[in-house]
Amino acid sequence: FSLGLQLNVRDAEGLNEWKESGSVAVQAETFAVEARLDPEPGETPLDFGTVLVNSSSTKTFDIVNCGRFTIRYNLAVRKALRELISLDCPQEEIPKGEKRTITVTCTPTRLLEVPPERDGIMLQLFDTMSGDAVDHTIPPIRVGVTAVHNSFQVTPPRGLNFGPVEKGKKEIRSFAIRNTGIFPFEWSIFDFADPPTLGEDGRPKEPPPTL
């Protein structure tokens, strides 16, 4: 809005009438801090699905500045999820018309199940001119994950029994390794008397087979 203020003056004793001395122009512009999240958190949670314990999975979302001025944001992870959820850019300024893509990494270290109906990440918005936090209607981001171990089965389960074997004869027995989980894993069979050379990651230097 814009308006003019008229300045009138007179002597302190009040001997003379008020006289116009000048005018002051007053202009101001109102604005709102406007932002949105994409995807909309009220409709789409960050659901990591099933994740292998001690492995990582990532999801992303965008913070879009829809207003006319730069905004500042701050993201906070719910305390119960801080051990497994990390954000690559939890706070920053976003100029008008721009967006920031946030990468969320989930790294569970134990068996757990977090249903995607619970709030996980909260958003705060700030006016960069005043530094004050502003109210908004963006709901918290819901986070869901199920962390599991992989599983396997060896048949027969109690080792191989060759029974009596005549000297000079050869007997053959077999066993099976079955992946009963939902994730692939690497395996290696070796002679304890002649173990393979292991790399820094604890795996044999020769690529092991995958099951």
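Our structure's up above, just so we're on the same page.
Just so we're clear, the structure is a prediction, and the values are computed from it rather than from any experiment.

Quick notes on the rules
Residues numbered from 1 in each chain as written. Predicted model: local features only at pLDDT ≥ 70, side-chain atom pairs only at ≥ 80, totals over all residues. Heavy atoms only, no water. Pairing = 2+ DSSP bridges. Helix = DSSP H or I, 4+ residues; strand = E, 2+ residues; numbered from the N terminus. Axes fitted to C-alpha atoms, helices over the stretch in contact; angles between N-to-C directions. Contact = heavy atoms within 4.5 Å. Buried < 20%, exposed > 50% of the residue type's maximum accessible area, 1.4 Å probe, protein only. Salt bridge = Lys/Arg side-chain N within 4 Å of Asp/Glu carboxyl O. Patch = residues over 30% accessible without salt bridge, like charges linked within 9 Å, V, L, I, M, F, W, Y side chains within 5 Å. Areas by Shrake-Rupley, 256 points an atom, 1.4 Å probe, with all protein chains shown as cover. 1 Å grid on protein atoms, 1.4 Å probe; cavity = no way out; pocket = protein on both sides within 12 Å on 5 of 7 lines; lining within 4 Å. Points joined across faces, edges and corners; volume = space filled by probe spheres on them. Nonpolar A, V, L, I, M, F, W, Y, C, P; charged D, E, K, R; others polar. Core = buried A, V, L, I, M, F, W, Y, C linked by side-chain atoms within 4.5 Å.

Participant: Please explain the sheet that holds strand E9 (residues 99-106) as it appears in this structure.
Facilitator: Pairing is antiparallel across the open sheet formed by four strands, whose spatial order is E3-E5-E9-E7. Edge positions in the sheet fall to strand E3 (35-38) and strand E7 (85-87), since each of these pairs with one other strand and no more. Taking the axes of each pair of neighbouring strands and ignoring which way they run, one obtains an average angle of 25 degrees across the sheet.

Participant: What is the right way to read the environment of Phe-152 from this model?
Facilitator: Residue placement: Phe-152 occurs in strand E14 (residues 152-155). A sequence separation of 28 residues divides Phe-152 from Thr-180, and the C-alpha atoms of the two residues are 4.9 Å apart. Beyond its immediate sequence surroundings of up to four residues, Phe-152 is in contact with Arg-178, Asn-179, Thr-180 and Phe-185.

Participant: How should unusual backbone geometry be read in this particular structure?
Facilitator: Most peptide bonds adopt trans geometry, and most residues besides glycine take a negative phi value. Of the consecutive residues Asp-38 and Pro-39, the connecting peptide bond is found in the cis state with omega at 5 degrees. Residue position: Pro-39 is located in the loop between E3 and strand E4 (46-52). Cis geometry is found at the peptide bond from Thr-155 to Pro-156, where omega equals 0 degrees. Mapped onto the elements, Pro-156 comes out in the loop between E14 and strand E15 (176-179). Of note, the phi angle at Asn-54 is positive, near 70 degrees, even though the residue is not glycine. Locating Asn-54 in the fold gives a position in the loop between E4 and strand E5 (57-65). We classify Asn-54 as exposed; its relative accessible area is 57%.

Participant: Is there a simple way to explain the pattern of salt bridges in this structure?
Facilitator: Close approach of charged atoms lets side chains of opposite charge pair. For the structure on display, the rule yields six salt bridges. With a shortest N-O distance of 3.5 Å, Lys-99 and Asp-62 are connected by a salt bridge. Placement of Lys-99 in strand E9 and of Asp-62 in strand E5 is noted, with a sequence separation of 37 residues between them. Glu-171 is the partner of Arg-173 in a salt bridge, and the nearest nitrogen-oxygen pair spans 3.6 Å. Taking relative accessible area as the criterion, Arg-173 reaches 37% and is therefore assigned partly exposed. Judged by relative accessible area, Glu-171 falls into the partly exposed class, the value being 38%. Put simply, Glu-92, Glu-98 and Arg-100 are held in one network by salt bridges that share partners.

Participant: Any chance you could explain a nonpolar patch on the surface here in plain terms?
Facilitator: A cluster of nonpolar side chains, namely Phe-152, Val-154, Leu-160, Phe-162, Val-165, Phe-175 and Ile-189, defines an oily patch on the protein surface of about 620 Å² accessible area. Assignment of secondary structure puts Ile-189 in the segment after E15.

Participant: So what exactly am I meant to see when it comes to empty space enclosed by the protein here?
Facilitator: Any empty space left between the atoms is revealed when a probe the size of a water molecule rolls over them. According to the stated counting rule, one finds one cavity of 30 Å³ or more in the structure shown. Roughly 50 Å³ of internal volume is contained in the largest cavity. Lining the largest cavity are Leu-37, Pro-39, Pro-41, Thr-44, Leu-46, Phe-61 and Ile-141. Taken together, the residues that form the lining of the largest cavity break down as six nonpolar, one polar and no charged.

Participant: What am I meant to see in the environment of Gly-131 here?
Facilitator: In this structure, Gly-131 sits in the loop between strand E11 (119-127) and strand E12 (133-134). The exposure class of Gly-131 is partly exposed, given its relative accessible area of 37%. For Gly-131, the contacting residues outside a window of four places in its chain are Arg-72 and Phe-126.

Participant: For this particular structure, what's the right way to read the nonpolar core?
Facilitator: Soluble, globular proteins show a tendency: their nonpolar side chains are buried together. One finds Phe-61, Ile-63, Tyr-73, Leu-75, Ile-85 and Ile-121 to be the most contacted residues of the largest nonpolar core, which totals 32 residues. Other than its neighbours up to four places away in sequence, Ile-63 contacts Arg-36, Leu-37, Tyr-73, Leu-75, Ile-94, Glu-98, Lys-99, Arg-100, Ile-102 and Leu-123.

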